Amino acid sequence: MLYDMIVIGGGPAGYTAALYAGRANLSVLVLEKLAPGGQMGTTDQIDNYPGFPEGINGFQLAMEMKKGAERFGAETKLAAVTAARLAGDIKEVEAGGERFQGKTVVLACGAHPRELGLPGEKELRGRGVSYCATCDGMFFRGKTVAVAGGGNTAAADALYLSRICEKVVMIHRRDKLRASAAYLKPLLETGNVEFCWDSQVVSLSHEAALTGVELLHKKTGEKSFLPCSGLFVAIGQVPDTGLFAGQIDLDSAGYVQADESTRTSLPGVFAAGDLRAKPLRQVVTACADGACAAQAAEEYLSI
Ligand code: NAP
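Here's a quick rundown of the structure. (Residues numbered from 1 in each chain as written. Predicted model: local features only at pLDDT ≥ 70, side-chain atom pairs only at ≥ 80, totals over all residues. Heavy atoms only, no water.)

1. A word on the site of the ligand
Okay, so step 1: Around the ligand, the structure places 18 residues, and the nearest of them are N48, T153, R174, R178 and Y183.
Okay, so step 2: Out of a free accessible area of 910 Å², the ligand has 77% covered by protein chains.
Okay, so step 3: Tallied by class, the residues present in the shell around the ligand amount to three nonpolar, 11 polar and four charged.
Okay, so step 4: Formed jointly, the shell around the ligand draws a minimum of three residues from each of two domains, domain 1 (2-112 + 237-302) and domain 2 (115-233). (Near = heavy atom within 4 Å. Areas by Shrake-Rupley, 256 points an atom, 1.4 Å probe, with all protein chains shown as cover. Nonpolar A, V, L, I, M, F, W, Y, C, P; charged D, E, K, R; others polar. Domains from an automatic or database assignment.)

2. As for the packing of helix α1 (residues 12-23) against helix α6 (residues 283-302)
When two helices pack together, you describe them by how their axes are tilted relative to each other and by the distance separating the axes.
Okay, so step 1: α6 packs onto α1 with a crossing angle of 35 degrees between their chain directions and a minimal axis gap of 7 Å. Between α1 and α6 lies a crossing whose hand is right-handed. Two secondary-structure elements touch here, α1 through P12, A13, T16, A17, Y20 and A21 and α6 through V283, A286, C287, G290, A291 and A294.
Okay, so step 2: Looking at the contact of α1 with α6 residue by residue, the class counts come to 10 nonpolar, two polar and no charged. (Axes fitted to C-alpha atoms, helices over the stretch in contact; angles between N-to-C directions. Helix = DSSP H or I, 4+ residues; strand = E, 2+ residues; numbered from the N terminus. Left-handed = near helix turned anticlockwise from the far one by under 90°. Contact = heavy atoms within 4.5 Å.)

3. A short note on the packing of aromatic side chains
By convention here, two paired aromatic rings are described through the distance between centres and the angle between planes.
Okay, so step 1: According to the stated counting rule, one finds four aromatic pairs in the structure shown.
Okay, so step 2: Seen in terms of ring centroids, Y49 and F52 are 6.2 Å apart; in terms of plane orientation they differ by 25 degrees. Their pairing is stacked.
Okay, so step 3: By relative accessible area, F52 is classed as partly exposed at 30%.
Okay, so step 4: Relative to F232, the ring of F140 has its centre 5.4 Å away and its plane inclined at 80 degrees; by these criteria the two rings are edge-to-face. Taken together, the residues F140 in the loop between α3 (133-136) and β9 (144-148) and F232 in strand β15 (residues 230-233) connect sequence positions 92 residues apart.
Okay, so step 5: One cation-aromatic arrangement involves R23 over F72; the distance from NZ or CZ to the ring centre is 5.6 Å.
Okay, so step 6: Geometry around Y255 places R281 over its ring, the cationic atom sitting 4.0 Å from the centre. (Phe/Tyr/Trp six-rings, centres within 6.5 Å; stacked < 30°, edge-to-face > 60°. Buried < 20%, exposed > 50% of the residue type's maximum accessible area, 1.4 Å probe, protein only. Lys NZ or Arg CZ within 6 Å of the ring centre and 35° of its normal.)

4. Considerations on the sheet that holds strand β13 (residues 210-217)
Okay, so step 1: Sheet architecture is open: three strands sit in the order β12-β13-β14, paired in antiparallel fashion. Each having just a single partner strand, β12 (199-206) and β14 (223-227) make up the two edges of the open sheet. For this sheet the average axis-to-axis angle between neighbouring strands, irrespective of direction, equals 30 degrees. (Pairing = 2+ DSSP bridges.)

5. Some points on the state of the cysteines
Okay, so step 1: If you walk through the whole model with that rule in mind, you get one disulfide.
Okay, so step 2: Across the disulfide from C132 sits C135; the S-S distance is 2.0 Å. The disulfide joining C132 to C135 has a torsion of about 70 degrees about its S-S bond and is therefore right-handed.
Okay, so step 3: The buried category is assigned to C132, whose relative accessible area is 12%.
Okay, so step 4: As a non-bridged cysteine, C287 has C292 as the owner of its nearest cysteine sulfur, 11 Å distant.
Okay, so step 5: Relative accessible area serves as the criterion here: at 8%, C287 is assigned to the buried category. (Disulfide = S-S within 2.5 Å.)

6. Regarding the environment of G11
Okay, so step 1: Tracing the sequence through the fold places G11 in the loop between β1 (2-8) and α1.
Okay, so step 2: Judged by relative accessible area, G11 falls into the buried class, the value being 10%.
Okay, so step 3: With 18 residues separating them in the primary sequence, G11 and L29 have C-alpha atoms 13 Å apart.
Okay, so step 4: Not counting residues within four places of it along the chain, the set of residues in contact with G11 comprises E32, G37 and G38.

Pasting the structure below:
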């Protein structure tokens, strides 16, 4: 079948594009590698998506977004995309050993967590090193954990972990959080979150699993050891655009160059959500991108 639109990625951007396109009577296939929601799906509590005065769990919101798109005929296939040929009038996408064709493609596959790049980090993943507090926090009930990073993800992770763990130590390379000020008060009020400012994790100690991290104080040059069972790495994102490199214009950090219309350098290909070069990456801005992408795709198809 030739779809009007193939959406790569089932996060808030992807399912909003699918909802808008479905409502415009376009046939839509969403290809999602794991589970609906993308990074939003692994977020425990979302307080800044309007309409939910008590906040909402990210996975629950993802399932509602999927249902909304399905109501207008969008299909979902859970399969990782392995190849995409985006040039030409008919675009081809391979996923789960199958080949799909679309007249338009919306790239909405987001980003994945950046690694610290330390020796042993990959081997200790699942044995103390984690990139997802809501996925793995429960394994550290009553223990001491560290969170590396000072952005919104690190702050949200530290808050979440403070409710499960005995102690949470936030390690940030500067003396001021990048995270929104809204996080600081609740973080200070927990009573079990400590801060290591101007500090960087420089090595990981372990036996079978992580036993602690070595810290370097960037101003004094002093090294110290922090015993902990878990290290949650929350130092930003890397866009999932590797499959599209060489086909569409990316910026130097790998984000897709597309303006608010979401049109990329290739006709019929649109970029929505966290993989697009833009100033604010939030659920609500991902949804806005999805709506713009569907609108732009509809226009493209009508010419
Ligand atoms: P981010 O905003 O880019 O923050 C990354 C943090 O990691 C920064 O504090 C940065 O330090 C630090 N960092 C980067 N590279 C590092 C390295 N090699 N070693 C040590 N520290 C390093 O990333 P994010 O927190 O993942 O957020 C990504 C996007 O999602 C943002 O737009 C964010 O607003 C959004 N988000 C929003 C919410 C929310 O609103 N509730 C929740 C989660 C994510 P510096 O500060 O020194 O640069």
